[in-house]
Amino acid sequence: MTNAKVDSYLQRSTKWPAELHQLRPVLLACGLTEELKWGKPCYSHDGKNIAILQEMNDFLALMFFKGALLSDPDG
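Residues numbered from 1 in each chain as written. Predicted model: local features only at pLDDT ≥ 70, side-chain atom pairs only at ≥ 80, totals over all residues. Heavy atoms only, no water.

Enquirer: Please explain helix H2 (residues 17-29) as it appears in this structure.
Expert: Each full turn of the α-helix corresponds to 3.6 residues, which orients residues three or four apart in the same direction. For H2, spanning 13 residues, the distance from its first C-alpha to its last is 19 Å, which sits close to the expected 18 Å at 1.5 Å a residue. Gly31 lies just past H2 and shows a positive phi near 85°. (Helix = DSSP H or I, 4+ residues; strand = E, 2+ residues; numbered from the N terminus. Expected span 1.5 Å × (residues − 1).)

See the structure below:
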């Protein structure tokens, strides 16, 4: 389900609007809850933060909280 505050954030985006609009449905399709935290779109599950989108001047970052704990069996 989309969040009105994130809708507003995306409407104001001037750096990476197309990319944000493409990533958003992917994150929501994973069953994550969408909120605006720290002024950025943040995605959580069962009240635990999973990922956040951060617009930088030269790139858009999709950052994972505790990403170092993610399993990577292929290295």
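Enquirer: Looking at this structure, how should I read the pairing of strand E1 (residues 33-37)?
Expert: Two faces, one strand: in a regular strand the side chains alternate between the faces of the sheet. As paired elements, E1 and strand E2 (residues 40-45) share 5 bridges and run antiparallel to each other. Along E2, the bridge assignment pairs Leu36 with Pro41. (Pairing = 2+ DSSP bridges.)

Enquirer: It is not clear to me how the sheet that holds strand E3 (residues 48-55) should be interpreted in this structure. Could you clarify?
Expert: Where strands meet in a sheet, backbone hydrogen bonds hold them as pairs that are either parallel or antiparallel. Pairing is antiparallel in the open sheet, where 4 strands are placed in the order E1-E2-E3-E4. Among the strands making up the open sheet, the edge pair consists of E1 and strand E4 (60-64). Taking the axes of each pair of neighbouring strands and ignoring which way they run, one obtains an average angle of 25° across the sheet. On top of the sheet, helix H1 (residues 4-12) reaches E1, E2 and E3; it is set at about 65° to E1, its chief contact. Sitting on the sheet, H2 is in contact with E1, E2, E3 and E4, with an inclination near 20° to E4. (Axes fitted to C-alpha atoms, helices over the stretch in contact; angles between N-to-C directions. Contact = heavy atoms within 4.5 Å.)

Enquirer: Would you mind showing me how to read the side chain of Asn3 here?
Expert: With respect to the helices and strands, the residue Asn3 is situated in the segment before H1. Only 2.7 Å separates the side chain of Asn3 from the backbone nitrogen of Lys5, close enough to count as a polar contact. Beyond its immediate chain neighbours, meaning those up to four positions away, Asn3 contacts Arg24, Glu34 and Glu35. (Polar contact = N/O pair within 3.5 Å; in protein donor to acceptor, adjacent residues only side chain to side chain.)

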